[in-house]
Amino acid sequence: MIVPFASDPDRTRGRLHPEEESAFRSPFQRDRDRIIHASAFRRLKHKTQVFIEHEGDYFRTRLTHSIEVGQVARTIAKHLGLNVELTEAVALAHDLGHPPFGHTGEEALARLMAPYGGFDHNAQAIRIVTSLERHYADWDGLNLTWDTLEGIAKHNGPVGDPVPYALADYDAIHDLELRTHASAEAQVAALSDDIAYNNHDLHDGLRAELFSTDELAELPVLCDCFGAVDARYPGLNYYRRRHEALRRFFGVLVEDVIAVTERNLRDLAPTSPEDIRLAGRMMVQFSPGLWSDLKVIRQFLFDRMYRAPTVVEMRAQVTQVVEDLFPHFMANPQDLPKQWRKDVSEADSEMTLARLVSDYIAGMTDRFALQCHDRLVAGAAR
């Protein structure tokens, strides 16, 4: 049953460019489908979560991560009576703006873009779905509904100053009400992101042998999960034991978010989506106790995985790739692909050119960025 504060596709605030709606798909379903068919979504297949693309076929990519976030988000949204299609659309789009090499690539690009308005992957996602996807005859971008764009822009909460230029440019022509919270559906997508990466980073760290199962079994929450598995399945195979424990951990996170969110909603008693937006706080949350435990787990992952010597070494290498490519394209814009050259020829300032170069680099996959670097920078030096 849909609750009164769920987003209603029949009452969407519409699209920037009016168009005839589908006879058999809701506006939010259509948004989700357009995101899935976008070029930027396909490129997530070869974009990094933690490990660089060529380090192994079994590690998560941005695409598999986004699919997992969508699965968690659907589960929570359905239980809470929210609009599942809008929730899934925001969940699947939330990482579209990530550059190659994960957070390492984003940090490098943000430093390079600091003189030109900075770089933020959430804002870049808006730039992609409103401008950079250029397939339709009547408009640039995907022409998504206001509701989906709002969710992409501020699923993590209100956007404060300074507003990233990529978001400010669009907000100036299609007000996304950046100072308020997003819909309940977008908030579910945000917490589903946390649930997914907290779970799968543990999986990937184990597979990379950066820490042991026994070390995980000593961490908060996980110790209870391993204890429950050992009590029910004494002597279980090593791989099955850790899988059973981690899927229980996954369940704990989902159940906690649902319980806390239901309590928050009872206290607020919202009667419309606007009540959620104007609540002044996030409605979809972890409990304080679990949030505290997750901080311990995240610190463990930071120390043992994100800052492991092998990962740090690779981070340095790929940082250099981004730091080499950006000045190269600034000095040699003719090396950009043919379809970019019209925009380059119309660039009226260094800032405009820098933003085009940033768009191009941000859209690269890990593999393509490495190939470009080898061809344009490393190869030229040989």
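Our structure's up above, just so we're on the same page.
Residues numbered from 1 in each chain as written. Predicted model: local features only at pLDDT ≥ 70, side-chain atom pairs only at ≥ 80, totals over all residues. Heavy atoms only, no water.

Within the protein one finds 18 helices and 0 strands. In terms of overall size, the protein behaves like a compact globule, its C-alpha atoms giving a radius of gyration of 22 Å where 382 residues would be expected to give roughly 21 Å. Overall, the C-alpha framework of the protein stretches about 65 × 55 × 40 Å when taken along its three principal axes. Considering the protein as a whole, with its 382 residues, one finds that 57% of them fall into the buried category. Residue pairs at least 24 apart in sequence account for 72% of intrachain contacts in the protein once pairs closer than 6 positions are excluded. A total of about 17200 Å² of accessible surface is found on the protein, and carbon and sulfur atoms cover 52% of it. Where the 43 positive side-chain charges of the protein centre and where its 58 negative ones centre are 3 Å apart. (Helix = DSSP H or I, 4+ residues; strand = E, 2+ residues; numbered from the N terminus. Rg over C-alpha atoms; globule rule 2.2 N^0.38 Å. Buried < 20%, exposed > 50% of the residue type's maximum accessible area, 1.4 Å probe, protein only. Contact = heavy atoms within 4.5 Å. Areas by Shrake-Rupley, 256 points an atom, 1.4 Å probe, with all protein chains shown as cover. Lys, Arg positive; Asp, Glu negative; His and termini not counted. Charge placed at Lys NZ, Arg CZ, Asp CG, Glu CD.)

Let us look at the packing of helix 4 (residues 84–93) against helix 9 (residues 184–207). Viewed as axis vectors pointing N to C, helix 4 and helix 9 meet at an angle of 45°, and their least axial separation amounts to 8 Å. When the axis of helix 4 is compared with that of helix 9, the two are oblique. In terms of crossing hand, the pair formed by helix 4 and helix 9 is right-handed. Contact with helix 4, carried on its side by Leu86, Thr87, Val90 and Ala91, involves Glu185, Ala186, Val188 and Ala189 of helix 9 and no other residues of that element. (Axes fitted to C-alpha atoms, helices over the stretch in contact; angles between N-to-C directions. Parallel < 35°, antiparallel > 145°, perpendicular 65-115°, else oblique. Left-handed = near helix turned anticlockwise from the far one by under 90°.)

A word on the packing of helix 11 (residues 222–232) against helix 12 (residues 238–268). Axis separation between helix 11 and helix 12 bottoms out at 8 Å; the angle between their running directions is 130°. In terms of their interaxial angle, helix 11 and helix 12 are classed as oblique. Remark: the crossing between helix 11 and helix 12 carries right-handed chirality. Counting all contacts with helix 11, which are made through Leu222, Cys225, Phe226, Ala228, Val229, Asp230 and Arg232, the residues of helix 12 involved are Arg241, Arg242, Glu244, Ala245, Leu246, Arg248, Phe249 and Val252. Per-class residue counts for the contact of helix 11 with helix 12 are 9 nonpolar, no polar and 6 charged. (Nonpolar A, V, L, I, M, F, W, Y, C, P; charged D, E, K, R; others polar.)

Under the definition given, this model contains 31 salt bridges. Where Glu150 meets Arg277, a salt bridge forms, and the shortest distance between an N and an O atom there is 2.7 Å. Linking Glu150 in helix 7 (residues 146–154) with Arg277 in helix 13 (residues 273–277), this pair joins segments that are 127 residues apart in sequence. Just as Glu150 is buried, Arg277 falls in that class too. One network of salt bridges, with partners in common, ties together Arg13, Glu150, Lys154, Glu177, Glu274 and Arg277. (Salt bridge = Lys/Arg side-chain N within 4 Å of Asp/Glu carboxyl O.)

The nonpolar side chains of a soluble globular protein tend to be buried with one another. Of all hydrophobic cores here, the largest spans 57 residues; its most connected members are Ile35, Leu96, Phe326 and Phe329. With 8 residues, helix 15 (residues 309–331) is the single largest residue contributor to this core. Once you skip the residues sitting within four places of it in the chain, Ile35 turns out to touch Phe41, Ala89, Leu92, Ala93, Leu96, Leu142, Leu144 and Thr148. If you look at the next biggest cluster of nonpolar residues, it comprises 56 residues, including Val69, Ile195, Leu253 and Leu265. (Core = buried A, V, L, I, M, F, W, Y, C linked by side-chain atoms within 4.5 Å.)

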